[in-house]
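Here are the chains, one letter per residue:
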Amino acid sequence: MLPLLLASSSPYRRELLARLRLPFTCASPDIDEQRLGDEPAVELVRRLARQKAEALAGSHPGHLIIGSDQVAVLGEQILGKPHTFARACEQLLEASGQQVTFLTGLALLNSATGHCQVDCVPFTVTMRELDRKRVERYVTAEQPLDCAGSFKAEGLGVSLFQSTHGCDATSLVGLPLIRLVDMLTKEGVEIP
């Protein structure tokens, strides 16, 4: 098996990948993550996942490189990482009682052959009706400032959900393991 490299500095993605019990290393790619014009959200996350993997191919020849990127979509609006307390509260109040779809782009690049598999895995959550006090308590408690949509599904953020819909709950956290196993299997990786 070629060495496995996670093109991410995300502790959430590291924790998820560790579930597969495969040896891997991590490196943080340096790419421009800006949306291109009116680029659809699905194409944005697919492009960024691929670019993250490709950015490390030169320095990691002979590797299977995993790239991933995620955005939250509310209606037609892409919700990125809030970065501030005020923006996190604003995003959650906008999402109150609404459906938010998380789109997770996933790429697996074989840097030895140049073969790259790319996909987008959607996962939808229906949010509870939220008021400002509840939102502020949540953001204070969990500090989800680096999370698309302003919540951590793997933590207290689940308390904000009324229901969830999708084929792979790990995609909500940022690395769709079911689809990744499919991709790794195509590259000859045996799991378990």
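Residues numbered from 1 in each chain as written. Predicted model: local features only at pLDDT ≥ 70, side-chain atom pairs only at ≥ 80, totals over all residues. Heavy atoms only, no water.

- Per an unreviewed UniProt entry, the protein is named 7-methyl-GTP pyrophosphatase, and its organism is Pseudomonas kermanshahensis.
- Taken verbatim from the UniProt record of the protein, the Subcellular location (unreviewed entry) comment is "Cytoplasm".
- The record held by UniProt for the protein lists under Sequence similarities (unreviewed entry) the comment "Belongs to the Maf family. YceF subfamily." (UniProt positions renumbered as here; feature names shortened; annotations may be inferred.)

1. Details of the packing of aromatic side chains
Geometry of an aromatic ring pair is reported as the spacing of the ring centres plus the angle between the planes.
Okay, so step 1: Evaluation of the coordinates by the stated rule reveals 2 aromatic pairs.
Okay, so step 2: Ring geometry for Phe102 and Phe151: centres 5.1 Å apart, planes at 75°, overall edge-to-face. Remark: Phe151 occurs in the loop between α4 (132–142) and β7 (161–166) and Phe102 occurs in strand β5 (residues 99–110); sequence separation between them is 49 residues.
Okay, so step 3: The buried category is assigned to Phe102, whose relative accessible area is 1%.
Okay, so step 4: The exposure class assigned to Phe151 is buried, which follows from its relative accessible area of 5%. (Phe/Tyr/Trp six-rings, centres within 6.5 Å; stacked < 30°, edge-to-face > 60°. Helix = DSSP H or I, 4+ residues; strand = E, 2+ residues; numbered from the N terminus. Buried < 20%, exposed > 50% of the residue type's maximum accessible area, 1.4 Å probe, protein only.)

2. A few points about unusual backbone geometry
Okay, so step 1: Look at the link from Ile191 to Pro192: it is a cis peptide, with omega at -15°.
Okay, so step 2: Relative to the helices and strands, Pro192 is located in the segment after α6 (177–186).
Okay, so step 3: Positive phi outside glycine occurs at Gln143, with the angle close to 50°.
Okay, so step 4: Tracing the backbone through its elements, the reader meets Gln143 in the loop between α4 and β7.

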